[in-house]
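# Geometric and topological summary
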Amino acid sequence: MQAGRPTGPLVQGYEVIIGFETHTQLTTLSKIFSRASTAFGAEPNTQASAVDFALPGALPVMNKGAVQRAIEFGLAVNAHIAEASVFARKNYFYPDLPKGYQISQFEIPVVQGGMVEFFLGDEKKTVRLVRAHLEEDAGKSLHEDFIGMSGIDLNRAGTPLLEIVTEPDMRSSAEAVAYAKELHKIVTWIGICDGNMQEGSFRCDANVSVRKPGAELGTRREIKNLNSFKFMQQAIDYEIRWQIEQIEDGHAIQQATVLFDPDTGETRAMRTKEDAADYRYFPDPDLPPLVIGRDWVEKTRAEMSELPRVMAARFVADYGLPEYDAGQVTQSKAVAAYFEAVAAASKQPKLASNWVMGELSRRLNNEEKPIEASAVGAAQLAVLITRIADGTVSNNAARQVFDALWTAEGADVDAIIEAKGLKQMSDTGELEKIIDDVLAANVKNVEEVKAGNAKAMNALVGQAMKATKGKANPAQVNELLKKKLG
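Residues numbered from 1 in each chain as written. Predicted model: local features only at pLDDT ≥ 70, side-chain atom pairs only at ≥ 80, totals over all residues. Heavy atoms only, no water.

## With respect to the pattern of salt bridges
The cut-off we apply is this: Salt bridge, as applied in this entry: a Lys or Arg side-chain nitrogen positioned within 4 Å of an Asp or Glu carboxyl oxygen. Every helix listed is a DSSP run of H or I at least four residues long, and every strand listed is a run of E at least two residues long, numbered separately from the N terminus.
Applying the stated criterion across every chain yields a total of 30 salt bridges. Measuring nitrogen to oxygen at the nearest pair gives 2.7 Å for the salt bridge that ties Arg128 to Asp169. In this pair, Arg128 is assigned in strand 8 (residues 123-136) and Asp169 in the loop between strand 11 (160-166) and helix 3 (173-189), connecting sequence segments 41 residues apart. The residue Lys185 makes a salt bridge to Glu182 at a minimum N-O spacing of 3.3 Å.

## Some details on the packing of aromatic side chains
Selection criterion: In this scheme Phe, Tyr and Trp rings, the latter by its six-membered ring, pair at centre separations within 6.5 Å, and the angle between planes marks the pair as stacked below 30 degrees, edge-to-face above 60, and tilted otherwise. The buried label applies to any residue whose accessible area, calculated with a 1.4 Å probe on protein chains only, is under 20% of its type's maximum; exposed applies above 50%, and partly exposed to all values in between. A ring is considered to have a charge above it if a Lys NZ or an Arg CZ atom is located within 6 Å of its centre and within 35 degrees of its normal.
Using the criterion set out here, one finds 13 aromatic pairs in the structure. Taking the centre distance of 5.7 Å and the plane angle of 85 degrees together, the rings of Phe20 and Tyr179 count as edge-to-face. Remark: Tyr179 occurs in helix 3 and Phe20 occurs in strand 1 (residues 15-25); sequence separation between them is 159 residues. Each member of the pair, Phe20 together with Tyr179, is buried. Taking 5.6 Å as the distance between ring centres and 50 degrees as the angle between the ring planes, the aromatic pair formed by Trp355 and Phe402 counts as tilted. Of this pair, Trp355 sits in helix 9 (residues 349-367) while Phe402 sits in helix 11 (residues 395-407); the two residues are 47 residues apart in sequence, bridging distant segments of the chain. Since its relative accessible area comes to 0%, Phe402 is described here as buried. Chaining the aromatic ring pairs together yields one cluster made of Tyr92, Phe106, Tyr279 and Tyr281. Just above the ring of Trp296 sits the side chain of Lys64; from NZ or CZ to the centre is 5.4 Å.

## Regarding helix 13 (residues 428-441)
Applied cut-off: What a helix is expected to span follows from its residue count: subtract one and scale by 1.5 Å. Arc definition: directions from the helix axis to the C-beta atoms. Residue contacts are counted whenever heavy atoms from the two residues lie within 4.5 Å of one another.
Its 14 residues place the ends of helix 13 20 Å apart at the C-alpha level, agreeing with the 20 Å of an ideal helix rising 1.5 Å per residue. If you check which residues of helix 13 are buried, you get Leu431, Ile434, Ile435, Val438 and Leu439. Viewed end-on, helix 13 has its buried residues packed into an arc of 140 degrees, placing them on one side of the element. Opposite the packed face of helix 13, turned more than 90 degrees from it, sit the exposed residues Lys433, Ala440 and Ala441. In this structure, the buried residues of helix 13 make contact with helix 14 (443-450), helix 15 (454-467) and helix 16 (474-485).

## Overview of the environment of Glu359
Inspection of the secondary structure puts Glu359 in helix 9. Take Glu359: its relative accessible area is 14%, and that puts it in the buried class. Residues Glu359 and Arg399, spaced 40 residues apart in sequence, show a C-alpha to C-alpha distance of 8.1 Å. Look past the residues within four positions of Glu359 in its chain and what remains in contact with it is Asn354, Arg399 and Phe402.

## Describing the nonpolar core
For clarity, the cut-off: Throughout, nonpolar core names a set of buried Ala, Val, Leu, Ile, Met, Phe, Trp, Tyr and Cys residues whose side chains join them through atoms within 4.5 Å.
Grouped together as the largest cluster of nonpolar side chains are 105 residues, with contacts concentrated most on Phe20, Phe73, Leu134, Tyr179, Ile236 and Leu381. Ranked by residues supplied to this core, first place goes to helix 3 with nine residues. Residues in contact with Phe20, not counting those within four places in the same chain, are Ile164, Val165, Thr166, Met170, Ala176, Tyr179, Ala180, Cys204, Asp205, Ala206, Met232 and Ile236. Ranked by size, the runner-up nonpolar core spans 19 residues in total, among them Val449, Ala456, Ala472 and Val477.

## Some points on the sheet that holds strand 4 (residues 87-91)
The test is simple: For two strands to be treated as a pair, DSSP must find no fewer than two bridges joining them.
One open sheet accounts for three strands, arranged 5-4-16; its pairing is antiparallel. Only two strands of the sheet have a single neighbouring strand rather than two, namely strand 5 (101-105) and strand 16 (282-283). Pairing geometry for strand 4 and strand 16, over two bridges, is antiparallel. From the neighbouring strand, Ala88 faces strand 16, where its bridge partner is Pro283.

## Notes on helix 8 (residues 333-346)
The end-to-end C-alpha distance of helix 8, which contains 14 residues, comes to 20 Å, matching closely the 20 Å that a straight helix rising 1.5 Å per residue would cover. What helix 8 keeps buried is the set Val335, Ala336, Tyr338, Phe339, Val342, Ala343 and Ser346. Projected onto a plane normal to the axis of helix 8, the buried residues spread over an arc of 165 degrees and lie on a single side. In this structure, the buried side of helix 8 is in contact with helix 3, helix 6 (308-319), helix 7 (323-328), helix 9 and helix 10 (378-389). Looking one or two residues past helix 8, Lys347 carries a phi angle of roughly 55 degrees, positive in sign.

## Some remarks on the state of the cysteines
In plain terms, the rule: Here, the term disulfide refers to a pair of cysteine sulfur atoms separated by no more than 2.5 Å.
Taken as a whole and judged by the stated rule, the model has zero disulfides. Among the cysteines around Cys193, which has no disulfide bond, Cys204 carries the closest sulfur, lying 10 Å off. Judged by relative accessible area, which is 3%, Cys193 ranks as buried.

Structural data, given as structure tokens:
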């Protein structure tokens with residue numbers, strides 16, 4: 001950990017240190033060094049070219065689209081785009097790596113530095129990036145369909161990846177997952193990755209270590225290929241507990257690569273971890289340096305759509321949203337567009353963000369639907385919010401209207417309010433009479449309010465709301481009660 005980085009909550013007296021390496025599969029139609037397709041789900045070895053099979057004499061040729069996407073990511077995280085970067089051979093043996101080495105970047109990556117900002121609860125966090133480099137994916141070993149043997153599928157070999165590496169800035173599994181979700185949002189927002197974790201398009205490796213506060217960094221263990229946010233948190237939490245138990249029992253932590261087993265909830269060592277020297281990196285003689293002109297970078301910057309962090313800042317400035325709300329309603333372009341349509345039509349941005357983050361999100365999550373499939377359109381929600389703001393309906397009544405809208409596609413907000421008799425009382429004279437009756441029937445509570453008992457006041461409000469069958473405006477009831485009670 002670099003000096004000056006904040007500490008997090010201690011676990012059994014230990015500080016947790018977490019860094020991430022994330023492999024994002026780029027959305028090119030062809031592979032990084034060949035013209036073979038990157039489409040998912042094809043029959044084994046039907047999408048591998050001579051380059052992917054590493055046949056003698058086959059030479060790699062750089063995919064310009066992969067470079068374009070690396071530039072877009074660098075701009076999205078305020079990183080430096082290297083004018084010249086170098087591809088290297090990362091040497092290791094694995095059955096599904098036909099060349100015996102992986103083409104990657106080592107000393108000079110294409111994207112250098114940058115940061116990812118996000119909220120953990122209502123606390124703003126920043127994770128610094130070390131680099132993001134281009135590389136090719138390996139193939140896949142298949143074990144399930146063979147007895148005593150493994151099959152090799154090279155359809156993934158050569159698939160373009162952008163590996164994004166952080167500083168060890170995270171201090172809890174919750175913070176690590178929040179970072180991963182924010183990174184996932186960025187790469188899908190700008191369209192460089194489809195974000196499909198089940199298909200392996202977004203895979204995270206977590207480097208985890210523990211130490212006593214103020215001590216030197218502990219030995220890290222790398223949890224490989226975490227492809228679900230739920231498993232990510234479980235794996236990191238288990239690894240933290242395991243490392244602390246080992247240290248407390250007097251054992252030294254050995255640097256290793258580990259896998260998480262969702263069935264047991266445990267991590268297990270796969271191999272002792274290699275360092276850079278073990279890979280014998282050297283510049284790939286088949287590929288010249290990757291040179292990126294400033295005009296290409298600036299053209300890309302000009303053509304990129306509004307980034308989530310920029311849009312969130314605009315929502316804070318233009319709509320007066322709290323930073324937390326602005327971050328939540330910019331989780332995706334679709335959510336942001338929905339919110340902005342509701343806020344603009346209703347002229348109630350805070351209420352709009354509350355409903356989008358609250359009732360609408362709850363419904364969509366329960367039904368596992370994207371916001372594009374919402375049964376309540378932005379225009380309908382805008383009308384409903386307007387009716388809350390002008391006092392036509394209470395918040396409670398508005399939820400009943402929302403229920404009806406959700407089950408009756410295209411329904412009219414005002415027609416539902418009329419049909420269900422949900423209008424708040426607007427006749428002040430009638431409400432005053434009801435409150436007079438409530439005060440007369442609750443003499444003890446009245447005396448307690450005058451003696452300074454706040455709970456007694458709440459009881460009177462409750463009685464008045466009950467008497468009006470929930471149709472009174474609670475704020476108006478409170479105001480009238482205070483006026484009558486002096």
